[in-house]
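Here is how the chains run, residue by residue.
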Amino acid sequence: GGGSGGGGGGSGGGDERVEWLYAFDVHCNGLFVLSLLLHVLQYLLLPLLLRRGFWPALLSNTLYAAALSAYCYLTFLGYNELPFLRSTEVFVFPVVAIGGAYLVSVVLAATSGFSCTWLVASIYFTDAEVATTWGV
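Parameters and conventions
Residues numbered from 1 in each chain as written. Predicted model: local features only at pLDDT ≥ 70, side-chain atom pairs only at ≥ 80, totals over all residues. Heavy atoms only, no water. pLDDT = per-residue confidence, 0-100. Contact = heavy atoms within 4.5 Å. Helix = DSSP H or I, 4+ residues; strand = E, 2+ residues; numbered from the N terminus. Phe/Tyr/Trp six-rings, centres within 6.5 Å; stacked < 30°, edge-to-face > 60°. Lys NZ or Arg CZ within 6 Å of the ring centre and 35° of its normal. Axes fitted to C-alpha atoms, helices over the stretch in contact; angles between N-to-C directions. Parallel < 35°, antiparallel > 145°, perpendicular 65-115°, else oblique. Nonpolar A, V, L, I, M, F, W, Y, C, P; charged D, E, K, R; others polar. Buried < 20%, exposed > 50% of the residue type's maximum accessible area, 1.4 Å probe, protein only. Core = buried A, V, L, I, M, F, W, Y, C linked by side-chain atoms within 4.5 Å.

**Some details on the confidence of the model for the protein**
- Here the protein averages 87 in pLDDT, while 85% of its residues score no lower than 70.
- Scored below 50 in pLDDT, residues 1-11 shows six contacts in the model against residues more than four places distant or in partner chains.

**Points about the environment of V96**
- Mapped onto the elements of the fold, V96 is located in helix α3 (residues 94-112).
- In sequence terms V96 and S69 are 27 residues apart; their C-alpha atoms lie 9.0 Å from each other.

**Topic: the packing of aromatic side chains**
- Counted under the stated rule, the structure contains five aromatic pairs.
- Plain terms: the ring middles of Y79 and F91 are 4.8 Å apart, the flat faces sit at 20° to each other, and that makes the pair stacked. Note that Y79 is positioned in helix α2 (residues 54-80) and F91 in the loop between α2 and α3, a separation of twelve residues in sequence.
- Over the ring of W118 we find R52, and its NZ or CZ is 4.0 Å from the ring centre.

**Examining the environment of Y22**
- One can find Y22 in helix α1 (residues 20-49).
- It is 8.9 Å that separates the C-alpha atoms of Y22 and Y79, two residues lying 57 residues apart in sequence.
- Excluding anything up to four places from it in sequence, Y22 contacts G78, Y79, E81 and L82.

**Overview of the packing of α2 against helix α4 (residues 116-124)**
- Remark: α2 packs on α4, axes separated minimally by 7 Å, with the N-to-C direction vectors making an angle of 80°. Viewed along their axes, α2 and α4 adopt a mutual orientation that is roughly perpendicular. Here S60, N61 and Y64 of α2 come into contact with α4, specifically with C116, T117 and V120.
- For the contact of α2 with α4, the per-class residue count stands at three nonpolar, three polar and no charged.

**Description of unusual backbone geometry**
- One non-glycine residue, S87, adopts positive backbone phi at about 60°.
- Assignment of secondary structure puts S87 in the loop between α2 and α3.
- Look at S87 and you get partly exposed, because its relative accessible area is 44%.

**Observations regarding the nonpolar core**
- The biggest cluster of nonpolar side chains holds seven residues, and these are L34, L38, L49, L63, Y64, A67 and C116.
- Broken down by secondary-structure element, the contributors of at least two residues to this core are α1 and α2.
- If we skip the residues at most four places from it in the chain, C116 touches S60, N61 and Y64.
- L46, W118, A121 and V130 belong to the second-largest nonpolar core, a separate cluster that totals five residues.

**Overview of the side chain of T88**
- Examined against the element boundaries, T88 turns out to sit in the loop between α2 and α3.
- On the basis of relative accessible area, T88 is assigned to the buried category, the value being 5%.
- If we ignore the near neighbours within four places in the chain, the residues touching T88 are F76, Y79 and N80.

**Remarks on the environment of F91**
- In this structure F91 comes out as partly exposed when scored by relative accessible area, which is 30%.
- Along the sequence, F91 and T75 sit 16 residues apart, while their C-alpha atoms lie 6.6 Å from each other.
- Other than its neighbours up to four places away in sequence, F91 contacts C72, T75, F76 and Y79.

Given below as structure tokens:
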């Protein structure tokens, strides 16, 4: 909701700073969707995502690109609600880099089976532990 006043009190003058609680709320809103995709949905899909091959790798890389893009877009939406902020579209600029990285990951998935899920799992566990646990 909003009003045309500059932000949380004062004399209605030109205090046009973003309160840190608002910035934290915007971050949490984006992080919630990212967490749902990369923690809940990915966990439910792990038996499929950890299989070797192009299609599981493509699904994994798509999931990561969608989650990161959603975070950027939701951050943009949150800051775009503040009428005194200019050029809030800079928050969606990283989506271009995410798209480029996604295209590279698709090529890597086709040539070497690169999967973001395997990459992240290998940070926490050895490939043998992942394969043993999930039967892949």
